[in-house]
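Now for the letters of each chain:
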Amino acid sequence: MTTGERLDTSVAHNARVWNYWIGGRDNYEVDQRVGERVAGMFPVIRQVARADREFLARAVRHLVAGQGVRQFLDVGTGLPTVENTHEIAQRIAPESRVVYVDNDPIVLVHARALLTSSPEGVTDYVDADVHDPDAILRRAADTLDLERPVALMMLGILNFVLDTGEALGIVRRLMDALPAGSHLVLTHPTTDPEVGGAGNAAAMEFWNAHATPPITARSRAEIAAFLDGVDGLEVVEPGLVPCSQWRAGPGAAPVPQLGAVAVKR
C-alpha cells in the first residue's frame, strides 16, 4: 500500500507487479521487467501469488458458509482480479457487505469501476492507508456495522509495514475495535527456510532498490506474534501454515507465504 502519491508508471509498483505474476493485464513494461527479474531470483514467487489468491477464496468460503460472517474489511486489497472477496462472499450470501481499503491511485480507479455489489449486498471502497487504522475504522463504519462481527482481511499487507512493532499495533487497533465473533485473516511472506523462504531476502533487497513500496519478510515467530499479541484471538485449525496448505487438498506444496485465520472470542 502506498502513501497516496499520484500514479507513477516509471517505477514498478507492487499492485501491478502482483497483477503481472498472477497473469493479469493491469501492469506496465516496468512492472513486467521487475517482475521477471524478481522471479528469476526467486522462482517460487508466481506460485506464492497464486497460492495467496487461492487462500483468500478458501478463507472467505469458510467464513461465510461455515461461520456465518456477512461483513468483510479487506485492507490492502490491491488490483481487482477474478474471485475478489465480495464475489466469493456474495455468491454464498448475497447480502454480504464488503469494504475494500487501499490508497494507490491505480487501485482506486479499477476498484470503483469493477467492484460492483450484488443488489442485496454492499461493496464499498475506502481510500486510506494501513498506517492509519483509525481512519480505516472511521470510514469503514459508513458501510459496516462495527457492533456486529467483521472479518478483517490482511493478506500480504503487513509486510509493507516495515517496523514490526508498528505492524502489531495496527493489528491490535483494528481488532480491538471489532466485537467478539470477528475474524482476522492474514498472509505474510516468511524467511523460514523450511518452506523455502531463504531466497526472500535477496529478492526483497532487489525489490526495495528498484520498486515501490518497500517490503519485508519475517520469521514464523514474528508473524505468529500478530496473532498471539492480540487479546482474545484464537487461531483456528490448521494454525499458521503455508497459505497454499491452509485447508487445501492433499499434496499441496508449501510456499514461503504463511497464512492463518483466527477468531475473536
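Details of the structure are given in the entry above.
Quick notes on the rules
- Residues numbered from 1 in each chain as written.
- Predicted model: local features only at pLDDT ≥ 70, side-chain atom pairs only at ≥ 80, totals over all residues.
- Heavy atoms only, no water.
- Buried < 20%, exposed > 50% of the residue type's maximum accessible area, 1.4 Å probe, protein only.
- Helix = DSSP H or I, 4+ residues; strand = E, 2+ residues; numbered from the N terminus.
- Arc of directions from axis to C-beta.
- Contact = heavy atoms within 4.5 Å.
- 1 Å grid on protein atoms, 1.4 Å probe; cavity = no way out; pocket = protein on both sides within 12 Å on 5 of 7 lines; lining within 4 Å.
- Points joined across faces, edges and corners; volume = space filled by probe spheres on them.
- Nonpolar A, V, L, I, M, F, W, Y, C, P; charged D, E, K, R; others polar.
- Axes fitted to C-alpha atoms, helices over the stretch in contact; angles between N-to-C directions.
- Parallel < 35°, antiparallel > 145°, perpendicular 65-115°, else oblique.
- Left-handed = near helix turned anticlockwise from the far one by under 90°.
- Phe/Tyr/Trp six-rings, centres within 6.5 Å; stacked < 30°, edge-to-face > 60°.

Our next topic: helix H8 (residues 200-210). For H8, the complete set of buried residues consists of Asn200, Ala203, Met204, Phe206 and Trp207. Looking straight down H8, one finds that the buried residues subtend no more than 155 degrees of arc, so they occupy a single side. Opposite the buried face of H8, at more than 90 degrees from it, the exposed residues are Glu205 and Ala209. Looking at the packing, one finds that the buried side of H8 touches strand E1 (12-13), helix H1 (14-21), helix H2 (29-41), strand E6 (183-189) and strand E7 (211-212).

All right, on to the layout of surface pockets then. Within this model, the largest pocket holds a volume of roughly 150 Å³. Forming the boundary of the largest pocket are Ile22, Arg50, Arg53, Glu54, Ala57, Thr81, Val82 and Glu83. Split into classes, the residues belonging to the lining of the largest pocket amount to three nonpolar, one polar and four charged.

Our next topic: the packing of helix H6 (residues 133-140) against helix H7 (residues 164-176). Two elements in contact, H6 and H7, have axes separated by 9 Å at closest approach and are oriented at 25 degrees. Of the possible angle classes, the one that applies to H6 and H7 is roughly parallel. In the crossing of H6 with H7, the sense of the turn from one axis to the other is right-handed. Facing H6, whose interface residues are Pro133, Asp134, Ile136 and Leu137, H7 presents Ile170, Arg173 and Leu174. Here the contact of H6 with H7 is composed, by residue class, of five nonpolar, no polar and two charged.

Another aspect to go through is empty space enclosed by the protein. Taken as a whole and judged by the stated rule, the model has one cavity of 30 Å³ or more. Taken as a whole, the largest cavity encloses approximately 630 Å³ of empty space. Lining the largest cavity are 43 residues, with Asn14, Trp18, Gly156, Asn159 and Phe160 sitting closest to its centre. Elements with a contribution of two residues or more to the lining of the largest cavity: H1, helix H3 (45-67), strand E3 (97-102) and H8.

What follows concerns the environment of alanine 151. With respect to the helices and strands, alanine 151 occurs in strand E5 (residues 151-155). A residue is classified by how much of its surface remains accessible, and alanine 151, at 0% relative accessible area, is buried. Taking C-alpha positions, alanine 151 is 9.5 Å from alanine 262, a pair spaced 111 residues apart along the chain. Ignoring sequence-local partners within four residues, the contact set of alanine 151 consists of Leu63, Val69, Gln71, Phe72, Leu73 and His183.

On to the packing of aromatic side chains. With the rule as written, the count across this model stands at two aromatic pairs. The interplanar angle of 70 degrees and the centroid separation of 6.1 Å between the aromatic rings of tryptophan 18 and tryptophan 21 together place this pair among those described as edge-to-face. Of this pair, tryptophan 18 and tryptophan 21 both sit in helix H1, three residues apart, roughly one helical turn. Judged by its relative accessible area of 22%, tryptophan 18 is partly exposed. Assessed through its relative accessible area of 7%, tryptophan 21 is described here as buried.

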